[in-house]
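Commentary on secondary and tertiary structure
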Amino acid sequence: MRITSANAFETSLNNLQKRQQALTQAQEQLTSGKRVLKPSDDPAAAAQAERALARISRSEAQLRALDVSRNSMEMAESALGHAGEMMQQARELLVSAGNGSYNDSDRLAIAESIRGLRNDLLTVANRTDGTGRYLFGGQGASGMPLLDSPGGVAYAGSAGQSQAAAGEASPLTIDGRAAWLQAPDPSSPGSSLSIFDAMDRVVAELMTPGRSAAAVALTVADGLGDFDAGADNLAAWRARTGEALRRIDSIGERLSQTRLDAQTDRSEAEDLDMLQAISDFQNQQSGYDAALKTYSIVQQMSLLQYLK
Amino acid sequence: MSSSPLMSLGIKAMAANYAGLQVTGHNIANANVQGYSRQTAELSTSQGQFTGAGFFGRGVDVTTVSRSHNEFLTREAASSRSLAAMDGARLQQLRRLENIFKPGEMGLGHATSEFMNAMVDLANQPADMATRQVAMARAGELASRFSEAGAAMDDVQAGVTAELRSAVSEVNGLARSIAEVNQRIAGLKGTGQTANDLLDERERLLSRLSSHVQVTRMEANDGTMSVFISGGQRLVLGTEAAQLRVLQDESDASRSSVGLVEGGVQRRLKEGTLGGGSIAGLLRFQNQDLVAARTLVGQLAASVGGAINEQHVRGLNLQAPYGLVPSSAMFAMGPPLAQGHLANTRDASGVLVGQVSLTITDPSALQASEYDLRETAIGSGSWVLTRLLDGQTKPVVSGDVVDGMQIDFSSAPPQPGDRFLLQPVTRAANGMSKLLDDPRDLAAASPLLASSLPGNVGTAQSSSLRVTAAPLPTPGATSRITFTSDAGDYTWELFDASSTLLASGSDTWQPNQAIPRPPTDINGFTMQLSGVPRTGDVINVEPTPAGALSGNNGNALALLALRDAALVNGRTLTDGWASAMADIGVRVQTGRASAEISDVVAGQAETARSGQSGVNLDEEAARLIQFQQSYQAAAKVLQVAQSLFDTLLDVAGR
């Protein structure tokens, strides 16, 4: 075949340019550390990396939600623990009120103490998680969920529990009505009692002067039953909260694992195999080098060189 | 025998070799001229003079200067160059398009998942204005990524039109030049010699023309070359050139097409018949790749935006008075379009008589396609819809719902022969914007909330409560679901605010099944249970009290659930985006492969053509020496002839 000068130059230049392009691309991949920079570099891998990225950002958001849930539940757990201790103190005070040697003023003092505990309990029941969410607000409360009202403490929150968006059940709140106002009533199965009502009743009765020993004993006995029922209900909620915390931990582990898996998937899909890439780069480098050398040799050769 | 024949022989030999040197010099001078064909001085032996002693040669004559040219290889090179130019033009545009489909954190898909993830934080802190502000910002980001993608595709379209214009004006210039060269060639035809350099000039023009549009050529007896494009349309006929023009597409005015103007008549060229050249590549990109990209992005915008809007209006916002201000849509998307064909019947003022209107009824059923609507046969009055993505056809009547869109054409009925291009999603991403400004407008709260009664024995809880209607069928009503057996049998009752029973029914709950079981509707909600109900358990679904509204996150959770819903034609939005991106990636990949292949083929054809026609400098250098030596020898002959003559004069002079 005839070789023509202009075409030979053109072809060699084209080839040199292609090699240079390949070299530049290999260098771009090496510096970015990514094999897939554009969808066309590997459409399937790009799609896979995209799905993995969505999973990563999703598990990160869920882990954030889970942290909020954990924080709330830890605070609820400690609030309920605290409330349990106060119920125990109230119980001890009530037991002491049954002492036959106490007179009205002794009982008045005890009643004042129980009233103090009752007010403290109400404060605990209206605790927030530090960001304005009421721990006992149920599925939403814009103000304090447990309010002193005519006829006793009323619930202004909503029923049920708010859930964080962690993908699995992860509560943000506790149903304040169920925890504080609806303890199972030991005296009449099927009905419920309010801890605050029970305390209000005991305080009112202990404050009433001139009651007989029998009446006081009845107050103490009934009150103890109610206090115990209330304390048991709070303890049950505390146990549920503990259980939720345990579940939150295991959800967290799963989510962290999912995030790690997704990160691995993304990296496998779009990251560069450095060893392979460096070896490819060196290959291309020596190819380009050889092309440049032979080009300069071949293009120098001309008959005109010899015709002098 | 006189010495004069020797002298004339020497002169002729010198002239012939000089001609050889001249042609060689011309070859060397034009070695780097694109499309130059190597020339050769054709020599022939002069007929000898008869004498009694036989024929005495009279030297050499220059017959002609011939041009080394192979018609087949030249055509081959031109047509393969056409294909390479077509693939190259398409690839260049595809690469621009690909930039819009960025993977990773810069992409549309990530903006969508970031918005969804902002709903997680909103669910954590529904009352917190800062969190709401972040969610609003994410919504704005999502809308602007889509509208930027739409605008970037408009830019790509504008680039295609601009390139078409410049290609078309170059084609017109080339066609005129070819016609002029034809005229000059025809004028020289009478000389009996070929006008080599003019022929080369014409080849060069044809070759440049081929890179814009594939041509077929036909040489006439007078030496002129006629050029045809698009399967027989004449671009150059002898010394007359027709003109190409960039026109608006017949259905979508934002697109371009190309027409041939000849004698005042304008004929639209079909993309498929152009065969090759950059114009064909640009049109193919515009009509296939860009449409695919637009419909893919538009489908995502319409489906995602539509689903979010639908769910958002079902929630309650934080505007006072709580619970009474209806929530509005979060996003505005570009509307579905029904474009009438240019040839459709118009009234006296030029307005289309027949009108088609499109309404999106189910965003999740939208397809990434455009549709053609026309009569089954002109005048038949019955209509057929063709989905252009896959060519599937379907007879339709006004009011039909196809692929999530309702087609209406009863108010202004189309006329016989009318055609419409339906674009339900093509421009949905364009101008997509966030409609809400006040963070309080975000509807994070659900209008209903479910709770299991504290006395329940079983473990059943509502794991998700999703409101499916806005407004609720019976606002303010409470639904009570009472389980009547351990086997999941339940009765439901709907009470109004004053506890009057409005409706009731019963059913059996199965695992993974919603309450109520579709198509039953209690009061516009669907609830999923976790845990197991026992006989006598009660779950209430009651209106969210105004006091609980700011802390409620029910609708944020419902919006978040869209993450896993089949929003985009049976796929989740992440899958929808990933496969749209892969679709464009595959187009670029195959576009690149075919550009590489056709480039190699064109390179080989050019090498073959130039192997025949091109100049090899070494060869010319050798010829230079060859002709120089022959010239020197011929001069020597002349010198000998002269010295012979001098000898004769000397002898005669004595």
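First, a word on what this report is: a plain description of the structure on this page. Because the structure is a prediction, the values reported are computed rather than measured.

Criteria and thresholds
- Residues numbered from 1 in each chain as written.
- Chains lettered and ligands numbered in written order.
- Predicted model: local features only at pLDDT ≥ 70, side-chain atom pairs only at ≥ 80, totals over all residues.
- Heavy atoms only, no water.
- Helix = DSSP H or I, 4+ residues; strand = E, 2+ residues; numbered from the N terminus.
- Rg over C-alpha atoms; globule rule 2.2 N^0.38 Å.
- Buried < 20%, exposed > 50% of the residue type's maximum accessible area, 1.4 Å probe, protein only.
- Contact = heavy atoms within 4.5 Å.
- Areas by Shrake-Rupley, 256 points an atom, 1.4 Å probe, with all protein chains shown as cover.
- Lys, Arg positive; Asp, Glu negative; His and termini not counted.
- Charge placed at Lys NZ, Arg CZ, Asp CG, Glu CD.
- Pairing = 2+ DSSP bridges.
- Axes fitted to C-alpha atoms, helices over the stretch in contact; angles between N-to-C directions.
- Buried area = accessible area lost by both parts, 1.4 Å probe.
- Nonpolar A, V, L, I, M, F, W, Y, C, P; charged D, E, K, R; others polar.
- Phe/Tyr/Trp six-rings, centres within 6.5 Å; stacked < 30°, edge-to-face > 60°.
- Core = buried A, V, L, I, M, F, W, Y, C linked by side-chain atoms within 4.5 Å.
- Salt bridge = Lys/Arg side-chain N within 4 Å of Asp/Glu carboxyl O.
- Polar contact = N/O pair within 3.5 Å; in protein donor to acceptor, adjacent residues only side chain to side chain.
- Patch = residues over 30% accessible without salt bridge, like charges linked within 9 Å, V, L, I, M, F, W, Y side chains within 5 Å.
- Parallel < 35°, antiparallel > 145°, perpendicular 65-115°, else oblique.
- Left-handed = near helix turned anticlockwise from the far one by under 90°.

**Regarding the overall build of chain B**
Per the secondary structure count, chain B includes 9 helices and 28 strands. At 41 Å, chain B has a C-alpha radius of gyration far larger than the 26 Å of a compact globule built from 654 residues. With the C-alpha coordinates aligned to their principal axes, the bounding extent of chain B is approximately 160 × 55 × 45 Å. Counting every position in chain B, which comprises 654 residues, the buried fraction comes to 48%. The long-range share in chain B, meaning contacts at least 24 apart out of those at least 6 apart in sequence, stands at 70%. Accessible surface for chain B amounts to roughly 28,300 Å². Of this, 54% is attributable to carbon and sulfur atoms. Distance between charge centres in chain B, computed from 50 positive and 63 negative side chains, equals 7 Å.

**Details of the overall build of chain A**
Per the secondary structure count, chain A includes 8 helices and 4 strands. For chain A, the succession of helices and strands along the chain, N to C, is α-α-α-β-β-α-β-β-α-α-α-α. Here the C-alpha atoms of chain A give a radius of gyration of 39 Å, more than 25% beyond the 19 Å that 2.2 N^0.38 yields for 308 residues. Structurally, chain A occupies a C-alpha span of about 140 × 30 × 30 Å along its principal axes. Residues counted as buried form 41% of the 308 residues belonging to chain A. Here the analysis covers contacts within chain A between residues at least 6 apart in sequence; of these, 69% occur between residues at least 24 apart. Split by element, the accessible area of chain A, about 15,000 Å² in all, is 52% carbon and sulfur. Considering chain A, the positive charge centre built from 29 side chains and the negative charge centre built from 38 side chains are found 10 Å apart.

**Points about the sheet that holds strand β11 (residues 265–268) of chain B**
All names here are of chain B. Read across the open sheet, the 3 strands follow the order β9-β10-β11; overall the sheet is antiparallel. Unpaired on one side and paired on the other, β9 (243–248) and β11 mark the two borders of the sheet. Mean inter-strand twist for the sheet, computed between neighbouring axes without regard to direction, equals 35°. Two strands pair when backbone bridges link them, and strand β10 (residues 256–262) and β11 are joined in this way by 4 bridges, in the antiparallel orientation. Counterpart to L260 in the pairing with β11 is R267. Helix α4 (residues 129–188) rests against β9 and β10 of the sheet, and its axis sits at about 165° to β9. Contacts from helix α6 (residues 278–312) reach β9 and β10 within the one sheet, and its direction differs from that of β10 by about 140°.

**Examining the interface of chain A and chain B**
Counting from both sides, the interface comprises 49 residues of chain A and, opposite them, 61 residues of chain B. For the pair chain A and chain B, the two sides together bury roughly 4,300 Å², of which 51% comes from carbon and sulfur. Those elements that place two or more of their residues in the side of chain A that touches chain B are α1 (5–32), α2 (43–97) and α8 (303–306) of chain A. A breakdown of the residues in the side of chain A that touches chain B according to their chemical character gives 22 nonpolar, 17 polar and 10 charged.

**Points about the sheet that holds strand β14 (residues 357–360) of chain B**
Residue and element names in this part refer to chain B. Read from one edge of the open sheet, 3 strands run β14-β19-β18, paired in antiparallel fashion. Both outer strands of the open sheet, β14 and β18 (401–402), are each paired with one neighbouring strand and no more. The pairing of β14 with strand β19 (residues 405–408) spans 4 bridges and is classified as antiparallel. If you follow T359 over to β19, its bridge partner there is Q406.

**Some details on unusual backbone geometry**
Residue and element names in this part refer to chain B. Of the consecutive residues A470 and P471, the connecting peptide bond is found in the cis state with omega at -5°. Topologically, P471 is positioned in the loop between β23 (461–467) and β24 (478–483). Notably, N569 is not glycine yet its phi reads approximately 50°, a positive angle. Its place among the elements puts N569 in the loop between α7 (554–560) and α8 (573–613).

**Looking at the packing of aromatic side chains**
Residues and elements named next belong to chain B. For the coordinates displayed, the defined rule picks out 8 aromatic pairs over all chains. Both rings, one in F101 and one in W577, keep their centres 5.8 Å apart while their planes meet at 5°; by these two values the pair is stacked. With F101 in the loop between α2 (71–98) and α3 (108–124) and W577 in helix α8, this residue pair connects regions lying 476 residues apart in the sequence. Like W577, F101 is buried. Ring centres of F115 and F331 lie 5.9 Å apart, and the angle between their planes is 65°; on these two criteria the pair is classed as edge-to-face.

**Quick notes on the nonpolar core**
W180 of chain A together with L209, L244, I279 and I308 of chain B are the most contacted members of the largest nonpolar core, which has 154 residues in total. For this core, the element with the most residues is α4 of chain B, which contributes 20 residues. Ignoring any residue separated from it by four or fewer positions in sequence, one finds L244 of chain B in contact with V168, V171, N172, I229, L235, V258, G259, L260, L269 and I279 of chain B.

**Focus on the pattern of salt bridges**
In total, this model carries 53 salt bridges over all chains according to the counting rule given. The salt bridge involving R70 of chain A is made with D249 of chain A; its shortest N-O contact spans 3.3 Å. Placement of the pair is R70 of chain A in helix α2 and D249 of chain A in helix α6 (residues 213–270), with a sequence separation of 179 residues. For E270 of chain A, the salt bridge is made with R266 of chain A, and the minimal N-O distance between the two is 3.1 Å. You can see E270 of chain A and its partner R266 of chain A sitting in helix α6, 4 residues apart, about one turn around the helix. Since its relative accessible area comes to 5%, E270 of chain A is described here as buried. A relative accessible area of 15% places R266 of chain A in the buried class. In this structure, a network of salt bridges that share partners links the residues K34, R266, E270 and D271 of chain A together with E105 of chain B.

**Comments concerning the pairing of strand β15 (residues 371–375) of chain B**
Residue and element names in this part refer to chain B. For β15, the buried fraction is high: 4 of the 5 residues fall into the buried class. Sheet topology note: the β15/strand β20 (residues 419–423) ladder contains 4 bridges and is antiparallel. Residue pairing across strands places D372 opposite L421, the latter belonging to β20.

**Some remarks on the side chain of D537 of chain B**
All names here are of chain B. Structurally, the position occupied by D537 is in the loop between β27 (525–530) and β28 (538–543). Despite its burial, D537 remains without a salt bridge, the nearest opposite charge being carried by R534 at 6.8 Å. Within polar-contact distance, the side chain of D537 engages the backbone nitrogen of G458 at 2.8 Å.

**Brief notes about a nonpolar patch on the surface**
A contiguous nonpolar surface patch, about 300 Å² in accessible area, is contributed by I297, V298 and M301 of chain A. For V298 of chain A, the location among the structural elements is in helix α7 (residues 274–300).

**Comments concerning the packing of α4 of chain B against helix α5 (residues 196–212) of chain B**
Residues and elements named next belong to chain B. Closest axis-to-axis distance for the α4/α5 pair is 9 Å, and the angle between their directions is 160°. One finds that α4 runs roughly antiparallel with respect to α5. Here α4 and α5 pass one another in a crossing that is left-handed. From α4, A167, E170, V171, L174, S177, I178, V181, N182, R184, I185 and L188 reach across to α5, where they touch L198, L199, E201, R202, L205, L206, R208, L209 and H212. Here the residues of the contact of α4 with α5 are counted per class, giving 12 nonpolar, 3 polar and 5 charged.

**Describing the environment of L122 of chain A**
Residue and element names in this part refer to chain A. Residue position: L122 is located in helix α3 (residues 104–125). By relative accessible area, L122 is classed as buried at 9%. Separated by 58 residues in sequence, L122 and W180 have C-alpha atoms that sit 9.3 Å apart. Ignoring any residue separated from it by four or fewer positions in sequence, one finds L122 in contact with L146, D148, V153 and F196.

**Points about the packing of α2 of chain A against helix α5 (residues 195–207) of chain A**
Residues and elements named next belong to chain A. The geometry of α2 relative to α5 is characterised by a closest axis approach of 12 Å and an angle of 25° between their N-to-C directions. Relative to α5, the element α2 is oriented roughly parallel. Taken as a pair, α2 and α5 cross one another with a handedness that is left-handed. Contact residues: M87, A90, L94 and A97 in α2; I195, M199, V202 and L206 in α5. The class makeup of the residues in the contact of α2 with α5 is 8 nonpolar, no polar and no charged.

**Considering the side chain of R67 of chain B**
Residues and elements named next belong to chain B. Its location among the elements puts R67 in strand β4 (residues 60–67). In terms of polar contacts, R67 uses its side chain to reach the side chain of D200, at 2.7 Å. Residue contacts for R67: discarding those within four places in its chain leaves S37, R38, Q39, N196, L199, D200 and E203.

Interpretation note: all reported values are geometric properties and have no functional meaning in isolation.
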